[in-house]
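Residue-level listing of the chains:
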Amino acid sequence: TIEACVGPLRDYPFFQKIRKEVLCLILCVILCLLGLPMCTQSGVYVFVLWDTFSVALPLLFLGVAECVVVSWLYGLEKFSNDIEYMTGSQPHIYWKLCWKYISPTVVTVILVASLIKQCLNPAEY
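Notes on the structure follow.

Some words on the overall build of the protein chain
For step 1, the next point in the chain: A count of helical and extended segments in the protein chain gives five helices and zero strands.
For step 2, the next point in the chain: The order of α-helices and β-strands along the protein chain, N terminus first, is α-α-α-α-α.
For step 3, the next point in the chain: Its C-alpha atoms give the protein chain a radius of gyration of 20 Å, clearly above 14 Å, the size a compact globule of 125 residues would have.
For step 4, the next point in the chain: Structurally, the protein chain occupies a C-alpha span of about 50 × 50 × 20 Å along its principal axes.
For step 5, the next point in the chain: Looking at the protein chain as a whole, 16% of its 125 residues qualify as buried.

Printed below as a string of structure tokens:
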């Protein structure tokens, strides 16, 4: 929903001065204008370019980075203690193994496979 975009923007002092309804309107107009090129005859081509180069690889990279930062740099024990503080119980060993080893490995494999696929088969319409 639009609330997922408006909420974080309202945390900035500049956007707090703007009424929420007006901010929603501005954001909807901007997003509508960004989506208009995808409604033209060449819109599928624009969508494929957008999807290929701005969504898949950056999200996979961020997923790997998040797993590594939380599990290895911040520390899995600190993270587990934070979860215990918030929920009252430590996470199960399964989750700890997933966060530290399984998830970074799987997402890295998917990222590398996506990079290889993109190099061997460039995006085409």
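Comments concerning the packing of aromatic side chains
For step 1, the next point in the chain: If you walk through the whole model with that rule in mind, you get five aromatic pairs.
For step 2, the next point in the chain: Between tryptophan 72 and tyrosine 101 the ring centres are 5.8 Å apart and the planes differ by 80 degrees, which places this aromatic pair in the edge-to-face class. Here tryptophan 72 is found in helix H4 (residues 43–87), whereas its partner tyrosine 101 is found in helix H5 (residues 93–120), with 29 residues between them in sequence.
For step 3, the next point in the chain: These aromatic residues form a ring-pair network of at least three members: Phe79, Tyr94, Trp95 and Trp99.
For step 4, the next point in the chain: A cation over a ring is seen here: lysine 78 above tyrosine 74, with NZ or CZ 5.3 Å from the ring centre.
For step 5, the next point in the chain: For the cation-ring pair, lysine 100 lies above tryptophan 72, with the distance from its terminal atom to the ring centre recorded as 4.4 Å.

Quick look at the packing of H4 against H5
For step 1, the next point in the chain: Running from N to C, H4 and H5 point in directions that differ by 165 degrees, and their axes come no closer than 9 Å. With respect to their mutual orientation, H4 and H5 come out roughly antiparallel. In the packing of H4 onto H5, the handedness of the crossing is left-handed.
For step 2, the next point in the chain: Here the contact of H4 with H5 is built from residues that sort into 17 nonpolar, eight polar and three charged.

Considering the layout of surface pockets
For step 1, the next point in the chain: Each pocket or cavity is described by its volume, and for the largest pocket that value is around 250 Å³.
For step 2, the next point in the chain: Forming the walls of the largest pocket are 10 residues, and the residues nearest its centre are Thr52, Ala56, Ser114, Lys117 and Gln118.
For step 3, the next point in the chain: Counting residues per element, the ones that place at least two in the lining of the largest pocket are H4 and H5.
For step 4, the next point in the chain: For the lining of the largest pocket, the element with the highest residue contribution is H4, accounting for four residues.
For step 5, the next point in the chain: Counted by class, the lining of the largest pocket contains four nonpolar, four polar and two charged residues.

Quick word on H4
For step 1, the next point in the chain: Across its 45 residues, H4 extends only 46 Å between first and last C-alpha, which sits more than 12% below the 66 Å expected from 1.5 Å per residue.
For step 2, the next point in the chain: Its maximal kink placed at glycine 75, H4 deviates by approximately 105 degrees.
For step 3, the next point in the chain: Turning to H4, its buried residues are Gly43, Leu57, Leu60, Val64, Cys67, Ser71, Gly75, Leu76, Ser80 and Ile83.
For step 4, the next point in the chain: Buried residues along H4 sit in contact with H5.

Details of the pattern of salt bridges
For step 1, the next point in the chain: Taken as a whole and judged by the stated rule, the model has two salt bridges.
For step 2, the next point in the chain: For lysine 20, the salt bridge is made with glutamate 3, and the minimal N-O distance between the two is 3.3 Å. With lysine 20 in helix H3 (residues 20–35) and glutamate 3 in helix H1 (residues 3–9), the pair connects residues that are 17 residues apart, well separated along the chain.
For step 3, the next point in the chain: When its relative accessible area of 36% is taken as the criterion, lysine 20 is described as partly exposed.
For step 4, the next point in the chain: Judged by its relative accessible area of 39%, glutamate 3 falls in the partly exposed class.
For step 5, the next point in the chain: The salt bridge partner of glutamate 21 is arginine 19, with a shortest N-O separation of 3.3 Å.

What counts as what
Residues numbered from 1 in each chain as written. Predicted model: local features only at pLDDT ≥ 70, side-chain atom pairs only at ≥ 80, totals over all residues. Heavy atoms only, no water. Helix = DSSP H or I, 4+ residues; strand = E, 2+ residues; numbered from the N terminus. Rg over C-alpha atoms; globule rule 2.2 N^0.38 Å. Buried < 20%, exposed > 50% of the residue type's maximum accessible area, 1.4 Å probe, protein only. Phe/Tyr/Trp six-rings, centres within 6.5 Å; stacked < 30°, edge-to-face > 60°. Lys NZ or Arg CZ within 6 Å of the ring centre and 35° of its normal. Axes fitted to C-alpha atoms, helices over the stretch in contact; angles between N-to-C directions. Parallel < 35°, antiparallel > 145°, perpendicular 65-115°, else oblique. Left-handed = near helix turned anticlockwise from the far one by under 90°. Nonpolar A, V, L, I, M, F, W, Y, C, P; charged D, E, K, R; others polar. 1 Å grid on protein atoms, 1.4 Å probe; cavity = no way out; pocket = protein on both sides within 12 Å on 5 of 7 lines; lining within 4 Å. Points joined across faces, edges and corners; volume = space filled by probe spheres on them. Expected span 1.5 Å × (residues − 1). Bend = angle between axes of the 7 residues up to and from the residue. Contact = heavy atoms within 4.5 Å. Salt bridge = Lys/Arg side-chain N within 4 Å of Asp/Glu carboxyl O.

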